[in-house]
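Spelled out, the chains give:
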Amino acid sequence: MLELKPSSVDSKFSTTMQAYVFLRCFCTAWVLTSFFPSYSDLDTVLITSNMIANFCCEPARWVQTKSIHISCPKESASSKIHTKSVRGLGVSSSTDGTMKIWQASNGELRRVLEGHVFDVNCCRFFPSGLVVLSGGMDAQLKIWSAEDASCVVTFKGHKGGILDTAIVDRGRNVVSGSRDGTARLWDCGRSACLGVLADCGSSINGVAVGAADNSINLGAPEQMPSEREVGTEAKMLLLAREDKKLQCLGLQSRQPVFLFIGSDAFNCCTFLSGFLLLAGTQDGNIYQLDVRSPGAPVQVIHRSGAPVLSLLSFRDGFIASQGDGSCFIVQQDLDYVTELTGADCDPVYKVATWEKQIYTCCRDGLVRRYQLSDL
């Protein structure tokens with residue numbers, strides 16, 4: 001295995017790496033919206049000094065034929081952070097019920113969003129970059145203006161905390177998954193629930209929406225969809241459930257596509273294509289499934305017994321993070337893996353990408369930025 005230091009180059013893999021550490025971001029969600037300035041050396045940005053303690057089959061085979069270790073120093077702290085890239089700003093959410101919008105390049109506070117009660121578990125920008133969607137332990141889903149920090153819409157209907165959300169197309173509709181075991185579809189324009197997509201009887205830890213391949217039968221809706229549903233046709237909804245089940249259904253039809261039983265609770269899920277998907281479990285398994293034949297996994301990747309906390313499609317592979325501090329990129333038909341190091345043993349809760357930059361969020365309170373060229 002090869003360990004690369006910040007700003008070093010390895011000709012074998014033609015990979016250039018830089019790492020930037022954002023200190024003490026005690027938040028549950030961090031949505032980055034652009035490139036940072038180019039730095040020649042490791043840099044740090046102080047985001048906040050306030051402590052917030054909490055956040056938001058075929059045999060398995062190893063995928064370490066070729067490996068790169070990319071190191072990043074760490075600072076001690078404690079929190080959980082969610083990242084996703086979009087265009088110049090960031091939004092973070094915390095256990096005190098607030099969210100903050102930051103200048104991503106230097107951590108300067110721009111807006112404070114107040115209105116949730118208790119923890120805010122998830123937040124993300126709409127595709128416009130001007131509006132934020134959030135979900136909290138108060139069972140409320142909210143939409144915010146990033147320009148003036150006002151809450152423009154509040155959705156009520158869940159009976160348990162909202163754990164994850166997904167935006168459908170440009171954002172006329174959104175999906176939420178809750179501890180109450182339901183997934184719901186919402187109309188943003190009328191602040192109304194368009195229906196319960198699934199009632200699982202078990203906490204829904206993660207949701208994902210993806211376009212379906214033409215070969216996949218999504219079924220037909222039992223009744224005419226509302227005219228307020230926009231962009232739900234030919235879409236699949238994936239639900240990562242606490243009861244060890246991974247459920248897929250047609251977003252518009254509400255008809256089941258498959259139900260897969262895993263080795264432990266499913267924490268997260270994502271689509272790789274119109275028929276391939278990934279889902280991670282509490283006992284460290286990453287299942288790759290083909291929706292066209294979901295009876296047995298394409299493969300199961302198991303690198304450690306630590307919980308798989310996030311999965312993100314990345315180029316011709318994916319990025320995964322786990323509860324033991326590991327974060328890695330799998331590429332080229334799972335032929336080799338790139339390790340992003342620096343989190344030590346602190347769980348890495350979420351990962352995001354923007355172009356050739358990767359952001360990781362860890363319990364030690366740091367947002368780490370890795371810049372990779374020609375990976």
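The coordinates are above.
Presented here is an overview of the structure given in this document. (Residues numbered from 1 in each chain as written. Predicted model: local features only at pLDDT ≥ 70, side-chain atom pairs only at ≥ 80, totals over all residues. Heavy atoms only, no water.)

Turning our eyes to something else, we now look at the overall build of the chain. Regarding its fold elements, the chain presents zero helices and 33 strands. Looking at the chain as a whole, 58% of its 375 residues qualify as buried. Total accessible area on the chain stands at roughly 14700 Å², and carbon and sulfur atoms take up 47% of it. (Helix = DSSP H or I, 4+ residues; strand = E, 2+ residues; numbered from the N terminus. Buried < 20%, exposed > 50% of the residue type's maximum accessible area, 1.4 Å probe, protein only. Areas by Shrake-Rupley, 256 points an atom, 1.4 Å probe, with all protein chains shown as cover.)

Quick look at the nonpolar core now. Judged by nonpolar contacts, the single largest core of 20 residues is most densely connected at Met 236, Leu 238, Leu 246, Phe 258 and Leu 277. If you list the elements that add at least two residues to this core, you get β20 (235–241), β21 (245–250), β22 (256–261), β23 (266–271), β24 (276–281) and β25 (285–290). Those residues in contact with Leu 238 that sit more than four places away from it in its chain are Gly 206, Val 207, Ala 208, Leu 246, Gln 247, Cys 248, Phe 258, Cys 269, Thr 270, Phe 271, Leu 277 and Leu 278. Within the second largest apolar cluster, 14 residues are counted, among which are Val 175, Ala 183, Ile 204 and Leu 239. (Core = buried A, V, L, I, M, F, W, Y, C linked by side-chain atoms within 4.5 Å. Contact = heavy atoms within 4.5 Å.)

Next up on the list: the sheet that holds β23. Across the sheet, four strands lie side by side as β23-β24-β25-β26; this open sheet has antiparallel pairing. At either end of the open sheet lies a strand with only one pairing partner, and these are β23 and β26 (299–302). Going from strand to strand, the sheet's axes swing by 20 degrees on average, the running direction of each strand aside. Two elements, β23 and β24, share five bridges in a ladder whose sense is antiparallel. When the bridges of β24 are listed, Phe 271 appears paired with Leu 277. (Pairing = 2+ DSSP bridges. Axes fitted to C-alpha atoms, helices over the stretch in contact; angles between N-to-C directions.)

If you walk through the whole model with that rule in mind, you get zero disulfides. Of the cysteine sulfurs around Cys 327, a residue in no disulfide, the closest is that of Cys 362, at 9.6 Å. Not part of a disulfide, Cys 345 finds its nearest cysteine sulfur in Cys 362, a span of 9.9 Å. (Disulfide = S-S within 2.5 Å.)

This part is about the pairing of β20. Extensive coverage of β20 is indicated by the burial of seven of its seven residues. The side-chain alternation of β20 yields two buried faces, one formed by Lys 235, Leu 237, Leu 239 and Arg 241 and the other by Met 236, Leu 238 and Ala 240. Of the pairings in the sheet, the one linking strand β19 (residues 204–211) to β20 comprises seven bridges and is antiparallel in character. Among the inter-strand pairings, Val 207 is bridged to a residue of β20, identified as Leu 239.

Before going further, it helps to examine the side chain of Ser 202. Inspection of the secondary structure puts Ser 202 in the loop between β18 (192–199) and β19. For Ser 202, a relative accessible area of 10% puts it in the buried group. A polar contact of 3.0 Å, which involves the side chain of Ser 202, links it to the backbone nitrogen of Asp 243. (Polar contact = N/O pair within 3.5 Å; in protein donor to acceptor, adjacent residues only side chain to side chain.)

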